[in-house]
2 protein chains.
Amino acid sequence: MLITDIARYLLPAFFHSSLLPSSISSPSSKINIVPLPAHSTTGDGSTPLCLSHNFTIYLDEASLRPHVSPKDLVLAIEDTRAQLASLAMTYLSPSHGDEFFPRGDSKCERYLERLDVHMSDYDGSTIFDQAILSVEERPELEAYHLDIPLTGHAKIIAKGPLGAYRALTSFQTLWYTHSSEGEGEGSGRVVYAPFAPYEIDDKPAFGWRAVLLDTSRNYFSVDSIYKILETMSMVKLNVFHWHITDSNSWPLVLTSFPELAREGAYSPKEIYTEQVVEDIISYAGQRGIDVLLEIDTPGHTAAIALSHPEHIACFLSTPYKHFAHQPPAGQLRFANQETTEFTSAILSDVVDLAKSRYLSTGGDEINSNCMLEDKDTKDALTMNGWDLDDALDDFTKKTHATLREKGVTPVVWQEMVLDHRAMPSLTNDTIVDIWVNSKDARMVLDQGYRIVHASADYFYLDCGQSGWITEQGGGPGWCDPLKSWSKMYSFDPFKDVKDDERHLILGGQTSLWAEQTDENNLEPTLWPRAAALAEVFWSGPDSNGKPRSAAKAIGRMHDIRYRMVNRGVRASPLQPHWCALRPDDCVLGA
Amino acid sequence: MLITDIARYLLPAFFHSSLLPSSISSPSSKINIVPLPAHSTTGDGSTPLCLSHNFTIYLDEASLRPHVSPKDLVLAIEDTRAQLASLAMTYLSPSHGDEFFPRGDSKCERYLERLDVHMSDYDGSTIFDQAILSVEERPELEAYHLDIPLTGHAKIIAKGPLGAYRALTSFQTLWYTHSSEGEGEGSGRVVYAPFAPYEIDDKPAFGWRAVLLDTSRNYFSVDSIYKILETMSMVKLNVFHWHITDSNSWPLVLTSFPELAREGAYSPKEIYTEQVVEDIISYAGQRGIDVLLEIDTPGHTAAIALSHPEHIACFLSTPYKHFAHQPPAGQLRFANQETTEFTSAILSDVVDLAKSRYLSTGGDEINSNCMLEDKDTKDALTMNGWDLDDALDDFTKKTHATLREKGVTPVVWQEMVLDHRAMPSLTNDTIVDIWVNSKDARMVLDQGYRIVHASADYFYLDCGQSGWITEQGGGPGWCDPLKSWSKMYSFDPFKDVKDDERHLILGGQTSLWAEQTDENNLEPTLWPRAAALAEVFWSGPDSNGKPRSAAKAIGRMHDIRYRMVNRGVRASPLQPHWCALRPDDCVLGA
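Taking an unreviewed UniProt entry as the reference, chain A is identified by name as beta-N-acetylhexosaminidase belonging to Kwoniella shandongensis. Recorded under Catalytic activity (unreviewed entry), the UniProt text for chain A is reproduced unchanged: "Hydrolysis of terminal non-reducing N-acetyl-D-hexosamine residues in N-acetyl-beta-D-hexosaminides." Its UniProt record, at the heading Sequence similarities (unreviewed entry), says of chain A: "Belongs to the glycosyl hydrolase 20 family."

K.L.:
Give me the lowdown on the nonpolar core, citing residues and values where you can.
P.N.:
Ranked by internal contacts, the top residues of the largest apolar core, which has 112 residues, are A:Phe240, A:Trp242, A:Tyr272 and A:Trp527. If we ignore the near neighbours within four places in the chain, the residues touching A:Tyr272 are A:Thr215, A:Tyr219, A:Phe220, A:Val222, A:Ile225, A:Trp242, A:Ile244, A:Pro251, A:Leu252, A:Val253 and A:Val277. In this structure, B:Ala284, B:Ile304, B:Leu388 and B:Leu445 belong to the second largest nonpolar core, which totals 111 residues.

K.L.:
Please set out the relation of the copies chain B and chain A residue by residue, giving values where relevant.
P.N.:
The operation relating chain B to chain A is a screw motion whose rotation component is 180°, with 0.0 Å of axial translation and a residual RMSD of 0.0 Å. Viewed as a symmetry operation, the transformation between the two copies matches a two-fold axis. In this assembly the copies share their binding face: 100% of the residues contributing to the interface of chain B also contribute to that of chain A.

K.L.:
Account for the UniProt feature "domain: Beta-hexosaminidase eukaryotic type N-terminal" (unreviewed entry) in chain A, naming residues and giving values.
P.N.:
Within this numbering scheme, the UniProt entry marks residues 33–172 of chain A as carrying the feature "domain: Beta-hexosaminidase eukaryotic type N-terminal" (unreviewed entry). The annotated region residues 33–172 of chain A carries 29% helix and 24% strand content, and the separation between its end C-alpha atoms amounts to 9 Å.

K.L.:
Got a sec to walk through the state of the cysteines? Specific residues and values, please.
P.N.:
Residues and elements named next belong to chain A. Summed over all chains, the structure comprises eight disulfides over all chains. Across a sulfur-sulfur distance of 1.6 Å, Cys-50 and Cys-108 are joined as a disulfide pair. Taking the sign of the S-S torsion, about -55° here, the bridge from Cys-50 to Cys-108 comes out left-handed. Highlighted residues: Cys-50 in strand E2 (residues 49–59) and Cys-108 in the loop between helix H3 (71–85) and strand E3 (110–119), separated in sequence by 58 residues.

K.L.:
Tell me about the packing of H3(A) against helix H6 (residues 161–172) of chain A, and please be specific about residues and values.
P.N.:
Residues and elements named next belong to chain A. Taken N-terminus to C-terminus, the directions of H3 and H6 make an angle of 0°; their axes are 10 Å apart at the nearest point. The angle between H3 and H6 falls in the class roughly parallel. Facing H3, whose interface residues are Leu-73, Ala-76, Ile-77, Asp-79, Thr-80, Gln-83 and Leu-84, H6 presents Pro-161, Ala-164, Tyr-165, Leu-168, Phe-171 and Gln-172. Within the contact of H3 with H6, the residues separate by chemical class into nine nonpolar, three polar and one charged.

K.L.:
I'd like a description of the interface of chain B and chain A, backed by residues and values.
P.N.:
Many authors give the size of an interface as the accessible area that is lost as the parts come together. The interface of chain B with chain A comprises 63 residues on the first partner and 64 residues on the second. Carbon and sulfur atoms supply 56% of the area buried between chain B and chain A, which totals about 4,800 Å² over both sides. Contact with chain A buries surface across chain B, with B:Thr470, B:Asn520 and B:Trp578 losing the most and accounting together for 15% of the total. The tally of links from chain B across to chain A stands at two salt bridges. Where B:Asp518 meets A:Arg561, a salt bridge forms, and the shortest distance between an N and an O atom there is 2.8 Å. On the surface where chain B and chain A come into contact, there are 26 residue pairs in polar contact (both at pLDDT 80 or more). Where the side of chain B that touches chain A is concerned, the elements lending two or more residues are helix H18 (485–489), helix H21 (550–566) and helix H22 (577–581) of chain B.

Each value, and the rule that gives it
- Residues numbered from 1 in each chain as written.
- Chains lettered and ligands numbered in written order.
- Predicted model: local features only at pLDDT ≥ 70, side-chain atom pairs only at ≥ 80, totals over all residues.
- Heavy atoms only, no water.
- UniProt positions renumbered as here; feature names shortened; annotations may be inferred.
- Core = buried A, V, L, I, M, F, W, Y, C linked by side-chain atoms within 4.5 Å.
- Buried < 20%, exposed > 50% of the residue type's maximum accessible area, 1.4 Å probe, protein only.
- Contact = heavy atoms within 4.5 Å.
- Least-squares fit on C-alpha atoms with pLDDT ≥ 70 in both.
- Helix = DSSP H or I, 4+ residues; strand = E, 2+ residues; numbered from the N terminus.
- Disulfide = S-S within 2.5 Å.
- Axes fitted to C-alpha atoms, helices over the stretch in contact; angles between N-to-C directions.
- Parallel < 35°, antiparallel > 145°, perpendicular 65-115°, else oblique.
- Nonpolar A, V, L, I, M, F, W, Y, C, P; charged D, E, K, R; others polar.
- Buried area = accessible area lost by both parts, 1.4 Å probe.
- Salt bridge = Lys/Arg side-chain N within 4 Å of Asp/Glu carboxyl O.
- Polar contact = N/O pair within 3.5 Å; in protein donor to acceptor, adjacent residues only side chain to side chain.

The following block contains the structure:
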């Protein structure tokens, strides 16, 4: 059968999943892909399929003409082959996969020689090109079909390289190694897929599945960010929200404003040059990830005072609690026109640097004492006949205009909508990150904004690290306790959301604020918990519209966690290893 | 002045600290040693002392005759030189130490050429020999005097190699690197001590300062244990409580009982052979650390059933909550004489393997349902006319006799004293680990036992990781929230302790139970928090007898944490780096 015939046969089911035959269900125990594919069927485990030593992956040339191969997809194919060649993952069961090789050897009856990748609607785009399209366009492009039969070639069918890339990621996750000792036939190491044949039809429920990293409170090296992006791609996370600056340090070296990082970075080594940011954006894009840069304004900007004291109110004022949520105090003088222009100029440079259609201008935790006790601000308010909200609206209108002129949509934190008088500057295309509490989503939806679920009560990775302000006996963390993978997993994106508002829910985000995190504890803090967020917003609610069962997911969570560890990611264990081998025995009530 | 003259002059003050001149105080900002030395004086920071390129450390030969050099001390001296030669630690301040080099170069006025190590009462022992002496003997042997003048040689004086080793550790912690660019005189890199001259008289308040590691729920490689021991030695922790076996896995390969690990280890690679245990004990001893092996009995032993089902009651019985605190269920049939003999034989082998004067036999969380519903146990109770406590007393008497015959003192968890009828087998020399709650210490002291403060409400490193039993929405951890360094630091070892009971308080322990920890998150979970425990039990209460001030300690906690990171230990950051450079600005109320 020709690829094109297969495509013709499968594509209707693929792109219109309501047409799928009812026999295709989603067994969670046989498919260990995280996030769980929308639809899948597998074999019963009686016929492991082994990877041929000559296994190859072909990009179907028919799908490319008249275009050239998307070079990042070619790299991803190379990487898939390399990952499988060095695969160290053994099956998680008490017998470590021996159950699939009952004769005590590693002999296979069936071998997979080849995987064909076909793009049905290829227009010359790269993965990167498609990753940075609008959030509404992404799900269709991330969809894919993956067919792994017991005989013949395996096939991937997707519209373009982004979907093909997601399919390659799923494909990788199906394989394990098995070894047996001895010299005879069937001894040695094989790479096998235990539940072949597989047929997977997959498509994300949401187009915005994000990880936020704060690189201001503590610095993270470029290599550590690359590793985050690689691991994000393992679980199909597709937005890297880079909170690059804040009051503690300004590591971003802008060509037009080099003084910001020269004075504001922790050290000359703890910086991100424009070239580095571009490299990170490319590295992300090649892995299907859009980089959302955030320049948090007008609060969280004390570090600017080290080079531009004229733009910052209440810098280092004490007691810090009167002027800021945490030390050091300092906010942009947003009532001051020179400061607004200065901020717009910075944002303009950052937009030029970014490739995304979105940019976050922050807007959280604006402290009014800082402004109202600042002479420069008081003078500006008086001169304009403004109160503070008028000034903020003016600042927002002008700074956001800088984005909109370049076709970029602003993203803001929820306070911009909830903590101030209605601001005409915040038009309804603005995307609002819900962070204080998941209940706050309702009030933002009422105002007609699109939202991202990033609330602390479910998705803040730093909760439970305890209070970090030095205090005798230790203080509580503001959002205790720790948000476990199962807490995240219980989130309902559509709770209290009307049917006609569902399009306003763009997706979700898990956030790593770095007060008590740097490279040393980054990976155990982030992984595998972020994989739970990935599944909530890729796989969506279960067939009843409710959050999926943690008991059904824990086996897959272990599987992806050990895969991460095997790839050198220091992901935390979720349970004793005994439970990872027997997840059903470590469920409440077992 | 000859070393012997200095020793004659200083030793009285050193070994009788009440005789110290009142001018010797303990400034916390100038001495960054953790744990804080008992007494110290420093310079004012105006004259940094630099390490000569020819810097050498001499073991004073006069102190050795007629003995040979303690070989582990010679290695420690070599290591000290090597660590200083590769030192990467910069001073934690906004100017990174430039304040000590006001001319903008790295030029030093004063250089230290030599450190002399003198042992005043050397009897041929090694560090290892002294580390495994009784808990009461340790403080005198860990005491030391360290003198670093601005001119001439620096000197260490201690009774023997253990104290000399502690002094070398303190010595290392005083140095920083400073670099300046350029080619001229004073450019390049220097290693300097900013607050020379230093004079330190130090001695621990408690002889038992422990870290517990559970290697059964998840496995830890030998290298990861070596790294724990190295890092423990940086903060003078001196007991490694190795909870080597439990219900989840039995990684300990005993020559007489190889079947226990063959069947009970997670895999043939996840084991500790007797040779490995001996190597770890030696590695620890050379770093001043006693290894307390724990074979937890009669509970927490399900893994034995895989090779000896005849000795285990209720193996894998469900619902697990009825039979055990966590899955899998299974306990030694302690009413059965064959099982008691089997257990004694195991303990006998472990005592022979150990070098410590102490061994823990566990005794926590014994589940009575498991025993009372076990036919074999019921028969044994009936035959002997026993209730369960009678049987436990008999088991304890016989298994502990195995230890006592070899001169080893048993250590048990608090339930052995508090949760059963008074057991004659538990004589008052038994050491009791308080773990459920710090308040329980009072009841154990009332019975006259010596105790170690290891309570979950202050010292459990796994608290706050959230519940790990799979549960929809996630369950709470049993000992939430996380125990921060400042929580640990606020512990009062003598709370509700009468003056004439103080000798019963042996020290403290921080415990890492490994339900949700393995090598991937080990270091961020353990460090630097365990350093707070180290200081509580080395430095003891402040001059008012109360816990010391966290605000005064945070700068030193940052210093030791960054030193750990510079030595490759993935210790968690305690605050934003901004605060590490300005600890006084991140205190509650600042």
